[in-house]
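Examination of the molecular architecture
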Amino acid sequence: FINAAFLLLIFTAVARGYKKNKGQAPKGVQAVFEPIIVYLRDDVIKPNIGHGYEKFLPYLLTLFFFILFGNIVGLLPGAANMTGNIAITLVMALFTFFITNKNGNKAYWGHIFVAPGVPVVLKPLIVLVEIIGIFTKPISLTVRLFVAITAGHIVMLSIISLTFIFGSYAVGGASALIVLFINLIEILVAGIQAYVFTMFSALYIGLATADHGDH
């Protein structure tokens, strides 16, 4: 809920700035987020989905910033590690799963259940593999984000624990410096994981909705 509140506050301000500065160079908070939004739209979402990408743009942008803010907030002292909770990553992956399969076109389902160009004898096996593939996509989304975020927190916690294991100020000082460095890397990982989750979501939706003329 805290994460959602951040999204509402920040992007309400971005929207106000966009209306106020329409036709002019972005200013303030709008100047920070508009380049990211435009990059995601033009270089991630549109190329992966193709025609009709506008329909999925609000969901994918929300997904990216929800994960990004959750990752960064999770790095703050005393904050909850939201994206390190597999229940959270599973729910986001299920959203992508349902949106993908609800919008899947005839070519998408035909490729799964008819498997063109495959010998008749092998078709039942290929259909089974394709059906399994439908469910492995959300599982991979769930596990990838959960593991990447959790691993960083476990490493930092382990290094901090060395201070108490050895009961040494020297070890404590060295641990603090190492953890600071890892924390900086984790900020980069926060952005990368949000990008990867959004990119794969866009790719899966694009594969389900693509016309033969799109690619």
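Residue positions are given per chain, counted from 1 along the sequence in the order it is written. Whole-chain, interface and lining totals are the exception, using all residues; otherwise, since this is a predicted model, local features are given only for residues with pLDDT of at least 70 and side-chain atom pairs are given and counted only at 80 or more. As a rule here, side-chain values come from all non-hydrogen atoms in the structure, and water together with hydrogens is ignored.

Along its length, the protein chain carries seven helices and zero strands. Along the chain direction, N to C, the helices and strands of the protein chain fall in the order α-α-α-α-α-α-α. In terms of overall size, the protein chain is more extended than a compact globule, its C-alpha atoms giving a radius of gyration of 21 Å where 215 residues would be expected to give roughly 17 Å. Judged by the C-alpha coordinates and their principal axes, the protein chain covers about 70 × 55 × 25 Å. The rule is simple: take the accessible area with a 1.4 Å probe, protein chains only, and divide by the maximum for that residue type; under 20% is buried, over 50% is exposed, in between is partly exposed. Burial analysis of the protein chain (215 residues in total) assigns 36% to the buried set. In what follows, residue pairs with any heavy atoms lying within 4.5 Å of each other are defined as contacts. In the protein chain, the proportion of contacts linking residues at least 24 apart, taken out of those at least 6 apart, comes to 71%. Areas reported as accessible are Shrake-Rupley estimates using a 1.4 Å probe. Residue values count occlusion only from the protein chains shown. Split by element, the accessible area of the protein chain, about 12,600 Å² in all, is 76% carbon and sulfur. Counting from the N terminus, the helices are DSSP H or I runs at least four residues long and the strands are E runs at least two residues long. In this setup the radius of gyration rests on C-alpha atoms only. A globule is expected at 2.2 Å times the number of residues raised to 0.38.

All right, on to the packing of aromatic side chains then. For this analysis, a ring pair means two rings from Phe, Tyr or Trp (six-membered ring only for Trp) whose centres lie within 6.5 Å, classed as stacked if their planes differ by under 30 degrees, edge-to-face if by over 60, and tilted for the remaining angles. For the structure shown, the criterion picks out 12 aromatic pairs. Feature note: the residues F11, F33, F64, F65 and F69 constitute an aromatic cluster, connected by ring pairs. Criterion for a charge above a ring: Lys NZ or Arg CZ within 6 Å of the ring centre, and within 35 degrees of the ring normal. The residue whose ring lies beneath R144 is F200, and the NZ or CZ to ring-centre distance is 4.5 Å.

This next bit is on the side chain of N103. Here N103 lies in the loop between α4 (86-102) and α5 (106-113). Polar contact is defined as a pair of N or O atoms within 3.5 Å, subject to the rule that within protein one atom must be able to donate a hydrogen and the other to accept it, and that residues adjacent in sequence are counted only when both atoms are side-chain atoms. A distance of 2.6 Å separates a polar atom in the side chain of N103 from a polar atom in the side chain of K55. Apart from residues lying up to four places away in sequence, N103 is in contact with K55, F56, A208 and T209.

Another aspect to go through is the nonpolar core. In this structure, I45, I49, L60, F65 and F197 are the most contacted members of the largest nonpolar core, which totals 31 residues. At the level of elements, α1 (2-20), α2 (28-49), α3 (57-73), α4, α6 (123-166) and α7 (169-209) are the ones that each hand at least two residues to this core. Looking at this core, the element that brings in the most residues is α3, giving 10 residues. In these notes, a set of buried Ala, Val, Leu, Ile, Met, Phe, Trp, Tyr and Cys residues joined through side-chain atoms within 4.5 Å is what counts as a nonpolar core.

Working rule for helices: expected span equals 1.5 Å times residues minus one. In this model α1 runs 27 Å from its N-terminal to its C-terminal C-alpha over 19 residues, within 8% of the 27 Å that 1.5 Å per residue would give. Inspection of α1 places N3, L7, F11, V14 and G17 among the buried residues, and these make up the whole buried set. Seen along its axis, α1 keeps its buried residues to an arc of 105°; they face one direction. Looking at α1, the residues exposed on the side facing more than 90 degrees away from the buried face are I2, L8, L9, R16, K19 and K20. Packing partners of the buried residues in α1 comprise α2 and α3. Directions pointing from the helix axis toward each C-beta atom define the arc.

The term salt bridge refers to a side-chain nitrogen of Lys or Arg lying within 4 Å of a carboxyl oxygen of Asp or Glu. The full count for this structure, using the stated rule, is one salt bridge. Across the salt bridge formed by D42 and R41, the nearest N and O atoms sit 2.8 Å from each other. The class of D42 is partly exposed, set by a relative accessible area of 32%.

Right, let's get into the packing of α2 against α3. Structural elements are reduced to axes, namely lines fitted to C-alpha atoms, with helices fitted over the stretch in contact, and the angle between N-to-C directions of any two is expressed from 0 to 180 degrees. Viewed as axis vectors pointing N to C, α2 and α3 meet at an angle of 125°, and their least axial separation amounts to 11 Å. In this view, α2 runs oblique relative to α3, as classed from their interaxial angle. Crossing angle aside, the handedness with which α2 passes α3 is right-handed. Where α2 abuts α3, its residues F33, I36, I37, L40, R41, I45 and I49 lie against L57, L60, L61, F64, F65 and F69. Residue polarity follows a fixed list, in which Ala, Val, Leu, Ile, Met, Phe, Trp, Tyr, Cys and Pro are nonpolar, Asp, Glu, Lys and Arg are charged, and the others, Gly among them, are polar. Per-class residue counts for the contact of α2 with α3 are 12 nonpolar, no polar and one charged. Roughly parallel means an angle under 35 degrees; roughly antiparallel, over 145; roughly perpendicular, 65 to 115; everything else is oblique. Crossing chirality is assigned from the near helix's rotation relative to the far helix, an anticlockwise turn below a right angle marking it left-handed and a clockwise turn marking it right-handed.

The geometry of α1 relative to α2 is characterised by a closest axis approach of 9 Å and an angle of 95° between their N-to-C directions. On the basis of the axis angle, α1 is roughly perpendicular to α2. Contacts from I10, F11, A13, V14, G17 and Y18 in α1 reach V29, Q30, F33, E34 and I37 in α2. In terms of residue class, the contact of α1 with α2 is built from eight nonpolar, two polar and one charged.

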